[in-house]
Amino acid sequence: MIKQTIFGTTKDGKEVKEYTVENANGMSFSAIEFGAVIRKVFTKDKNGEIADVVLGFDSVQDYENDDTYLGAVVGRYANRIGNATFTLNGVEYKLDKNDNGNTLHGGIDGYDKRVWASESFADEKGEGVKFMLVSEDGDQSYPGKLEIAVKYTLTNDNELILEYTGMSDKDTICNLTNHSYFNLAGHDSGDVLNQLIWLNSDFITEADEQSITTGKLIDVKGTPMDFTTETAIGDRIDADYYQIKFGAGYDHNWVIKGYEKGKMNFIATLRDKASGRKMEVYTDLPGVQVYSGNFLKARIPGKNQAKYTRRTGVCFETQYYPDSINKPEFPSPILKAGEEYKTTTIYKFIV
Ligand code: BGC
């Protein structure tokens, strides 16, 4: 079942639609045209009690004022580009320095701040909404007119499928992700430190003090970055370990085991023991930034006035590795003119 409503209006007077999609099991999600934001995800716990397990806001203005990317699609290039510079086909491109002299999540006017076009759909997999955006040649200083779409499908297996497609008229770089903060005890339940993570990964990409990858991989064995067995987020989050210190907690890219272009991998789980809720993450991308909300500070009240203080949500941002355009040893984020950009990430909810 799909319901479409008007969520609000931007400061420039653009109307923002919201879609709410519910499946046969009573699971639902809501998404808005602003930033292609996933605003709500309602799932049941072991007793059938429903809760909203993603952080979000109640007005367009809050999303316009937000700087934590709650639920949004970020682009053209998710995560960081060191020194806000990259070279493609011999041409150097200078981007916005919006993060300590580096570029974060595309730049100042990211895709998370745009009003996307939208349409609802129903197909053999389920029902959902498709958001579309045209990013002109030179937008945020990236080359090529890039036309992208992200399709959110809710299945009757309680999967929320995120399918990204795109095409550029010139060679460019493209790295799109969703920045949802999950809290399986409910978006307004406090921190996520007791929730457990498992990751199908033996390595992180080493980061420097500014969270720029160095090009080196670190074997997680024996470090607080090891989630090869399920571990509570809070167990080692303040450990005396240089990577943890640089990120002020978890804010790192894990290298996905078994990555091959186009192949879906089961990469992560998040579990809340008390409610029995569990989320599984699948993707065909090479990396995932696990970000434990270290910089959240409840600057703007959340849905129903919830206070999103430090570490009240955790993101699983599936992606090409940070700064991969400047690290030839990493899987390449280059999108050639006329070639299709196509990636899929699935968040599946179980109890
Ligand atoms: C980054 C964090 C950043 C956050 C912004 C994450 O993807 O890795 O360092 O603070 O986005 O909300």
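Owing to the predicted nature of the structure, the values given are computational and were not obtained by experimental measurement.

A. Here's a closer look at the overall build of the chain. Broken down by element type, the chain carries two helices and 28 strands. By the compact-globule yardstick of 20 Å for 351 residues, the chain fits well, its C-alpha radius of gyration being 19 Å. By its C-alpha atoms, the chain is 55 × 50 × 40 Å across when sized along the principal axes. Expressed as a percentage of its 351 residues, the buried residues of the chain come to 60%.

B. Examining the side chain of Asn 253 more closely. Topologically, Asn 253 is positioned in strand S22 (residues 251-255). With residues near it in sequence (within four places) discarded, Asn 253 still touches Phe 203, Ile 204, Thr 205, Gly 287, Val 288, Gln 289, Gln 319, Tyr 321 and Pro 322.

C. Quick look at the site of the ligand. In the vicinity of the ligand, the residues found are Thr 68, Tyr 69, Arg 80, His 105, His 179, Tyr 181, Asp 251, Gln 289, Tyr 291, Phe 295 and Glu 317. One of the side-chain N or O atoms of His 105 is found 2.9 Å from an oxygen atom in the ligand. Protein chains bury 94% of the 310 Å² of accessible surface belonging to the ligand in isolation. Of the residues contributing to the shell around the ligand, the split by class is four nonpolar, four polar and three charged.

D. Representation of the pattern of salt bridges in the model. Tallying each qualifying case throughout the model produces 21 salt bridges. Of the charged contacts in the structure, one is a salt bridge between Arg 114 and Asp 109, with a shortest N-O distance of 3.2 Å. Residue classification places Asp 109 among the partly exposed residues on the basis of a relative accessible area of 39%. Bridged by salt links that share partners, the residues Glu 18, Arg 39 and Asp 58 form one connected network.

E. Spatial organisation of the nonpolar core. Among the nonpolar cores identified, the biggest contains 58 residues, and Tyr 152, Trp 254 and Phe 316 are the most heavily contacted of them. The element best represented in this core is strand S13 (residues 146-154), accounting for five residues. The next biggest cluster of nonpolar side chains, apart from the first, holds 18 residues, and it includes Ile 32, Phe 34, Leu 55 and Phe 57.

F. Geometry of the pairing of strand S24 (residues 278-283). Of the pairings in the sheet, the one linking strand S23 (residues 265-271) to S24 comprises six bridges and is antiparallel in character. Its bridge partner lying in S24, Phe 266 is registered against Tyr 282. Linking S23 back to S24 in an antiparallel pair, the connection comprises six residues, with Gly 276 at a positive phi of about 80°. By the bridge criterion, six bridges tie S24 to strand S28 (residues 341-350) in an arrangement that is antiparallel. Paired with Tyr 282 across the two strands is Ile 346, which belongs to S28.

G. View of the environment of Gly 186. If you trace the backbone, Gly 186 turns up in the loop between strand S17 (181-182) and strand S18 (196-199). Linking Gly 186 and Val 351, residues 165 residues apart in sequence, is a C-alpha distance of 14 Å. Dropping the residues within four chain positions of it, Gly 186 is found in contact with Ala 51 and Asp 52.

H. The sheet that holds strand S25 (residues 287-291), seen in detail. An order of S17-S26-S25-S22-S19-S20 is seen for the six strands of this open sheet, with the pairing classed as antiparallel. Taken across any chain shown, the strands that pair with only one partner, and hence form the sheet edges, are S17 and strand S20 (213-219). As judged from the five bridges shared by S25 and strand S26 (residues 314-319), these two strands associate in the antiparallel manner. Its bridge partner lying in S26, Gln 289 is registered against Glu 317.

Scoring rules and cut-offs
- Residues numbered from 1 in each chain as written.
- Predicted model: local features only at pLDDT ≥ 70, side-chain atom pairs only at ≥ 80, totals over all residues.
- Heavy atoms only, no water.
- Helix = DSSP H or I, 4+ residues; strand = E, 2+ residues; numbered from the N terminus.
- Rg over C-alpha atoms; globule rule 2.2 N^0.38 Å.
- Buried < 20%, exposed > 50% of the residue type's maximum accessible area, 1.4 Å probe, protein only.
- Contact = heavy atoms within 4.5 Å.
- Near = heavy atom within 4 Å.
- Polar contact = N/O pair within 3.5 Å; in protein donor to acceptor, adjacent residues only side chain to side chain.
- Areas by Shrake-Rupley, 256 points an atom, 1.4 Å probe, with all protein chains shown as cover.
- Nonpolar A, V, L, I, M, F, W, Y, C, P; charged D, E, K, R; others polar.
- Salt bridge = Lys/Arg side-chain N within 4 Å of Asp/Glu carboxyl O.
- Core = buried A, V, L, I, M, F, W, Y, C linked by side-chain atoms within 4.5 Å.
- Pairing = 2+ DSSP bridges.

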